[in-house]
Amino acid sequence: MTAKHLMIAINWYGPYPDLDEARKRARHDYVHGLYLAIGKCKYERRRALQYIGIGNSIHTRLTSQHHKLSLIVRERTLWLGEIVTAEPSGKRLKATRNTLDFAEWLHARFLRLPLNDKKTKALPPRSVTVLNRWFATDYETPRRRPHADWPDLIDFPDYDLPARAVWFGNRQRTFLAPDYLMPKDE
């Protein structure tokens, strides 16, 4: 029997312009989480998605001695991610939460983040989808996508269908209560 499809939603908060500010916020507000760094490495002209990491205490990872973050030398900003969906049921085989592990894996593998070495060569062992949503540092104000290369959705179906990174377009239809209860003839 194959594992059921895992759906992971991530709320990203940022941008944090420096490590100290991100670490301070992470110390108080995050136990388990992700962090994604955007910026320029040496000799680069364009800001790019550079590195994604996870941690059970991510504030301990956000230091100037970090082996990858220290390589982003200009225009570095950080986004802190919180998983907002439930952890899959069943026995945990690793200390790291499955949702964190797979969220990092999909970003590193399918976005080809240049500073990520691990989780880039092999495919995930199960079917998984990640939904990204962005908010300001007040945790309430929705933000637009912080970088053009960062998709809204990464989908890995794991059954002979292609994986997809999806950037939602500008076209949308809004359904406000109570209008969404009954469709209107158009």
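Residues numbered from 1 in each chain as written. Predicted model: local features only at pLDDT ≥ 70, side-chain atom pairs only at ≥ 80, totals over all residues. Heavy atoms only, no water.

A.B. asks: Looking at this structure, how should I read the sheet that holds strand S3 (residues 48-55)?
C.D. replies: Paired through their backbone hydrogen bonds, the strands of a sheet run either parallel or antiparallel. Reading across the sheet, the seven strands line up as S3-S2-S4-S1-S5-S6-S7 and stay open at both edges, with mixed pairing between neighbours. Strands with a single pairing partner mark the edges of an open sheet, and in this sheet they are S3 and strand S7 (164-166). Here the strands of the sheet are splayed against their neighbours by 25° on average, with no regard to which way each runs. Strand direction decides the pairing type here: strand S1 (residues 6-16) and strand S5 (residues 128-135), joined by eight bridges, are parallel. Bridge pairing in S5 places leucine 6 opposite valine 128. Along the sheet, helix H1 (residues 19-29) contacts S1 and strand S4 (72-83); its crossing angle with S4, the most-contacted strand, is approximately 15°. Of the strands in this sheet, S1, strand S2 (33-41), S3, S4, S5 and strand S6 (153-156) are in contact with helix H2 (residues 98-110), which crosses S3 at around 160°. (Pairing = 2+ DSSP bridges. Helix = DSSP H or I, 4+ residues; strand = E, 2+ residues; numbered from the N terminus. Axes fitted to C-alpha atoms, helices over the stretch in contact; angles between N-to-C directions. Contact = heavy atoms within 4.5 Å.)

A.B. asks: How should the pairing of S4 be read in this particular structure?
C.D. replies: One ladder, built from five bridges, connects S1 with S4; its direction is antiparallel. Looking at S4, one finds that tyrosine 16 is bridged to leucine 78. Relative to S4, S2 is paired through seven bridges, and the arrangement is antiparallel. Paired with leucine 34 across the bridge in S4 is glycine 81.

A.B. asks: Sorry if this is basic, but what is going on with H1 here?
C.D. replies: Residue pairs three or four apart in sequence face the same way in an α-helix, which turns once every 3.6 residues. All of the buried residues in H1 are Leu19, Ala22, Arg23 and Ala26. Summarising the axial view, the buried residues of H1 lie within an arc of 100°, below the 170-degree limit, and thus occupy one face. Along H1, exposed side chains directed more than 90 degrees from the buried face belong to Lys24 and His28. Between a side-chain oxygen at the N-terminus of H1 and the backbone nitrogen of aspartate 20 the separation is 3.2 Å; the capping residue is aspartate 18. (Buried < 20%, exposed > 50% of the residue type's maximum accessible area, 1.4 Å probe, protein only. Arc of directions from axis to C-beta. Polar contact = N/O pair within 3.5 Å; in protein donor to acceptor, adjacent residues only side chain to side chain.)

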